[in-house]
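Structural overview
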Amino acid sequence: MADDARETLLEEKEENNCPGCKIDRVKQEQRGIPYIHLSFIWLVSLCTALPISSLFPYLYFMIEDFHVAKKEEHIGFYAGFVASSFMIGRALTSILWGKLADRYGRKPIILMGTFSVIIFNTLFGLSTSFWFAISVRFLLGCVNCLLGVIRAYASEVVSEEYHALSLSVVSTSRGIGLIVGPAIGGYLAQPAEKYPNLFSQDSVFGRFPYFLPSLVISLYATGALIACWWLPLQETLHTRCRTAHGRLNPNEPEYSPNELNDGGSTSRGLDHQKIQSKPSLLRNRPLMAIIIVYCVFSLQEIAYSEIFSLWAVSDISYGGLSFSSQDVGEVLAISGLGLLLFQLLVYPLMEKTLGLLVVIRLSAVMLIPLLSCYPSIASLSGLTLRLVIICASILKNALSISLVTGLFILLNKAVPQSQRGAANGISMTAMSSFKSFGPAGGGVLFSWAQKRQVASFLPGDEMVFFVLNLVQLVGLIMTFIPYISHNQ
């Protein structure tokens, strides 16, 4: 009896000191939407999206200023490699960061990733050569570990009732970043030329014309870092209780019966506790199937982002829209409000009514005819052109974010909490590997398409959007993999 009482007191003391147990108790007592937790998720997710997207409006002009492209139609080729370098770096380190998050907790990795944005994004704005820009973007990708970890955190910090909302906040902030980022880049790049009354050519912003947008994003990341450090960003990983290395949830089918039986072990002390070895994530077929589908859609999404910016600023004679960087930023910024409202108000209702897979497949189907219309938009002009391209951008972003959010939810359902960091790390590595080909491949494809304006089969930009639709079709077909259907 005395031993049992001592054991119970020890367990209660461990659980009181364990941050994961504390957040579990908070979730049980949770009433209503957890706005504070969602706000932290939104702040951090935006930090990882802004550096990726902010360079798209001005990358074309940056490469032009580097004087590495001998001809105008070669600019897209070099621009793709600058954008890809970030994804290559992230692909190399995402699994490592995921494992560190599973071992040491989500919060320290989130803080480290936010700090990396401050340093390397600022340095990118000071780039004066093609190779320096590539190197800094690569290093930023290596240490920017936010997206995978924040996705794991988002699924753990709220009760199951709000999982769809929490992960939709990740997607929404990421989607808003893909819109606010280009707006920042479009309006603030080359400020000495656009706003000569405020910035002189002899100032630091005149000598480094792409420093101002990078500085603004770094200042935002600094504010997010301070907020996460001083305000109660709560750790969700079980680190100080007896179930720290093998906490089991009977409601999650990925555990084996033997693991469930081990959950009631009462051996004394963590040093003597029998820890069940974790199942291999690479043998988790539902997880691997979801990651593959996610990679295909991510490839299409990043290639579209690269191509859209190049297409919008290219000359009408090449089938483009002849937009300035400010015009591109304006179009993408206006479409942000529609995306925000859709993701927060419409998507949770769609997911609850139709189910995850139906929403994913429906979004994938609708994107194909939408992208097919883009070459025809270039024949418009004036106000009509702006209205049509804004509406198309809103719909494209809403459908793409619906795809990503649904896959996020399926991915986190496929693994237990103790492996979510590593699982998201694997997904980030695979996704970043695919995305590293997206900007480079999109740039090469765009440059090639500009050289075949008079071709008899899919001339000019028609070929570009045809290839994007082929990738979209492959992703749609892959959503019918049986393992994905069984995991929803």
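Scroll up to find the structure this text is about.
A short tour of the structure in this document, coming up. (Residues numbered from 1 in each chain as written. Predicted model: local features only at pLDDT ≥ 70, side-chain atom pairs only at ≥ 80, totals over all residues. Heavy atoms only, no water.)

Now for the packing of helix α5 (residues 75–104) against helix α14 (residues 285–313). In contact at an axis separation of 11 Å, α5 and α14 are set at 145 degrees when each is read in the N-to-C sense. As for how α5 packs across α14, the hand of that crossing is right-handed. Along its contact with α5, which presents Gly-76, Ala-79, Gly-80, Ala-83 and Met-87, the element α14 presents Ile-302, Glu-306 and Leu-310. When grouped by side-chain class, the residues that make up the contact of α5 with α14 number 5 nonpolar, 2 polar and 1 charged. (Axes fitted to C-alpha atoms, helices over the stretch in contact; angles between N-to-C directions. Helix = DSSP H or I, 4+ residues; strand = E, 2+ residues; numbered from the N terminus. Left-handed = near helix turned anticlockwise from the far one by under 90°. Contact = heavy atoms within 4.5 Å. Nonpolar A, V, L, I, M, F, W, Y, C, P; charged D, E, K, R; others polar.)

Attention now goes to the side chain of Gln-300. Mapped onto the fold, Gln-300 is located in helix α14. For Gln-300, a relative accessible area of 2% puts it in the buried group. Excluding its chain neighbours within four sequence positions, the residues that come into contact with Gln-300 are Leu-371, Lys-396, Leu-468, Val-471 and Gln-472. (Buried < 20%, exposed > 50% of the residue type's maximum accessible area, 1.4 Å probe, protein only.)

Among the surface-exposed residues, Glu-64, Asp-65, Glu-72, Glu-193 and Asp-315 lie close enough to one another that they form a single negatively charged patch. Within the element layout of this structure, Glu-64 appears in helix α4 (residues 56–66). (Patch = residues over 30% accessible without salt bridge, like charges linked within 9 Å, V, L, I, M, F, W, Y side chains within 5 Å. Areas by Shrake-Rupley, 256 points an atom, 1.4 Å probe, with all protein chains shown as cover. Salt bridge = Lys/Arg side-chain N within 4 Å of Asp/Glu carboxyl O. Lys, Arg positive; Asp, Glu negative; His and termini not counted. Charge placed at Lys NZ, Arg CZ, Asp CG, Glu CD.)

As a further point, take the packing of aromatic side chains. Scanning all chains against the criterion turns up 13 aromatic pairs. Aromatic ring contacts, followed pair by pair, group Tyr-304, Phe-308, Trp-311, Tyr-374 and Phe-465 into a single cluster. Taking the ring centre of Phe-323 as reference, the NZ or CZ of Arg-386 above it sits at 5.3 Å. (Phe/Tyr/Trp six-rings, centres within 6.5 Å; stacked < 30°, edge-to-face > 60°. Lys NZ or Arg CZ within 6 Å of the ring centre and 35° of its normal.)

What follows is about a nonpolar patch on the surface. Together, Leu-337, Leu-341, Leu-344, Leu-345 and Val-346 give the surface a local cluster of nonpolar side chains, amounting to about 450 Å² of exposed area. Looking at where Leu-344 falls in the secondary structure, it is placed in helix α15 (residues 325–354).

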